[in-house]
Amino acid sequence: MLSKPKNRSKSAGFALGAWIVCFCLFGAGGAEPYSFVTKWPDVPEAWRFASPFGVAVDESGNVFVADTGKDVIRKFDSSGNLLGQWGAYGSGDGEFGSPHGIVVGLSGNVFVVDTENCRIQKFDSEGNFLGKWGSRGSGDGQFWGSGYEGGTGPIGIAVDSSGDIFVADTENHRIQKFDSEGSFLSKWG
């Protein structure tokens, strides 16, 4: 249960809130305001996002979105035109349980954090399944997740200039490092 801080006055909270509203409305002073360009994506209702979470962009400017609510990956061009999608709810190859993080590797392959299934899945840029790694647990290459008392599985993912993959193993309170084929390299945290 959340508790209210004891040494905080209502006027200080109001002043902070007013400052945030003014900052959002008027900017930081001197900075050019942002303007709305377009609603993105403009696709049929059935293809609209339920809960977009992760976003990645490849060298060609294609945008990959992990739609956690619909358990799919969607691929768009840089203007928001839908190029395709893959995935469905499940635990088989190419299926997802709440995909969150997504990153494009150096070779153009797409790596997706399959949070509920406690694994990473690898695809080519067209969505063809190439491989997977990870399982529930706390050992090297494993991720703590929803199979264990409702915990959260891995969520974040990144790639470095060498092509190695870094995964935020949320419930194990660590970062794990893998090569692009999924071989465990190291961990810390």
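In the block above lies the structure referred to throughout.
Every chain is numbered on its own, with residues counted from 1 as its sequence reads. With pLDDT at 70 or above as the cut-off, local features in this predicted model cover only qualifying residues; side-chain atom pairs require 80 or more to be listed or tallied, and sums for whole chains, interfaces and linings still use all residues. Remark: hydrogens and water are excluded; side-chain values derive from all non-hydrogen atoms of the structure.

Asks: Looking at this structure, I do not really get the environment of Asp93. What am I missing?
Replies: Helix numbers and strand numbers start at the N terminus; a helix is a DSSP run of H or I with at least 4 residues, a strand a run of E with at least 2. By the secondary structure assignment, Asp93 is in the loop between strand S4 (82-86) and strand S5 (99-104). Spatially, the C-alpha atoms of Asp93 and Leu130 are 9.0 Å apart, while their sequence positions differ by 37 residues. What Asp93 contacts, discounting residues up to four positions off in sequence, is Gln121, Phe129 and Lys132. Between N or O atoms, a polar contact is any pair within 3.5 Å; within protein, one atom must be a potential hydrogen donor and the other a potential acceptor, and residues adjacent in sequence are included only when both atoms are from side chains. A distance of 2.7 Å separates a polar atom in the side chain of Asp93 from a polar atom in the side chain of Lys132. Note on contacts: a residue pair qualifies if any of its non-hydrogen atoms lie within 4.5 Å across the two residues.

Asks: I would appreciate a short explanation of the sheet that holds strand S1 (residues 52-57) in the present structure.
Replies: Pairing between the strands of a sheet comes from backbone hydrogen bonds, and it takes one of two forms, parallel or antiparallel. Two strands are said to pair when DSSP picks up at least two bridges between them. Pairing is antiparallel in the open sheet, where four strands are placed in the order S1-S2-S3-S4. Single-partner strands in this sheet number two, and they are S1 and S4. Neighbour-to-neighbour, the strand axes of this sheet turn through a mean angle of 20°, independent of strand direction. With five bridges connecting them, strand S2 (residues 63-67) and strand S3 (residues 72-76) associate as antiparallel partners. In the sheet register, Val65 faces S3, and the bridge partner there is Arg74. The axes used here are C-alpha line fits, helices contributing only the stretch in contact, and every angle between their N-to-C directions lies in the interval 0 to 180 degrees.

Asks: For this particular structure, what's the right way to read the sheet that holds strand S9 (residues 157-159)?
Replies: Taking strand neighbours across the sheet as the criterion, the four strands line up as S9-S10-S11-S12 in an open arrangement whose pairing is antiparallel. Of all strands in the sheet, those with a lone pairing partner are S9 and strand S12 (184-188), marking the two edges. Direction aside, the axes of adjacent strands within the sheet are offset by 20° on average. Pairing analysis gives three bridges linking S9 to strand S10 (residues 165-169), with the strands arranged antiparallel. Note on S10: the bridge partner recorded for Val159 is Ile165.

Asks: Looking at this model, I keep getting lost on the packing of aromatic side chains. Mind explaining?
Replies: The geometry of two aromatic rings is summed up by the distance between their centres and the angle between their planes. Pairing of aromatic side chains here covers Phe, Tyr and the six-membered ring of Trp, requires ring centres within 6.5 Å, and sorts the geometry by plane angle: under 30 degrees stacked, over 60 edge-to-face, intermediate tilted. Evaluation of the coordinates by the stated rule reveals ten aromatic pairs. One aromatic cluster is present, formed by Phe64, Trp86, Phe96, Phe123 and Phe129 through successive ring pairs.

Asks: Help me understand the environment of Val113, please; the structure alone is not making it clear to me.
Replies: Counting through the fold element by element, Val113 comes out in strand S6 (residues 110-114). Under the scheme applied here, a residue whose accessible area is under 20% of the maximum for its type counts as buried, over 50% as exposed, and between as partly exposed, the area being computed with a 1.4 Å probe on protein chains only. Residue classification places Val113 among the buried residues on the basis of a relative accessible area of 0%. Along the primary structure Val113 and Ser98 are separated by 15 residues, whereas in three dimensions their C-alpha atoms are 8.6 Å apart. Setting aside residues up to four positions removed in sequence, Val113 forms contacts with Ser98, Pro99, His100, Gly101, Arg119, Ile120, Pro154, Ile155, Gly156 and Ile157.

What is shown is where atoms sit, not what they do.
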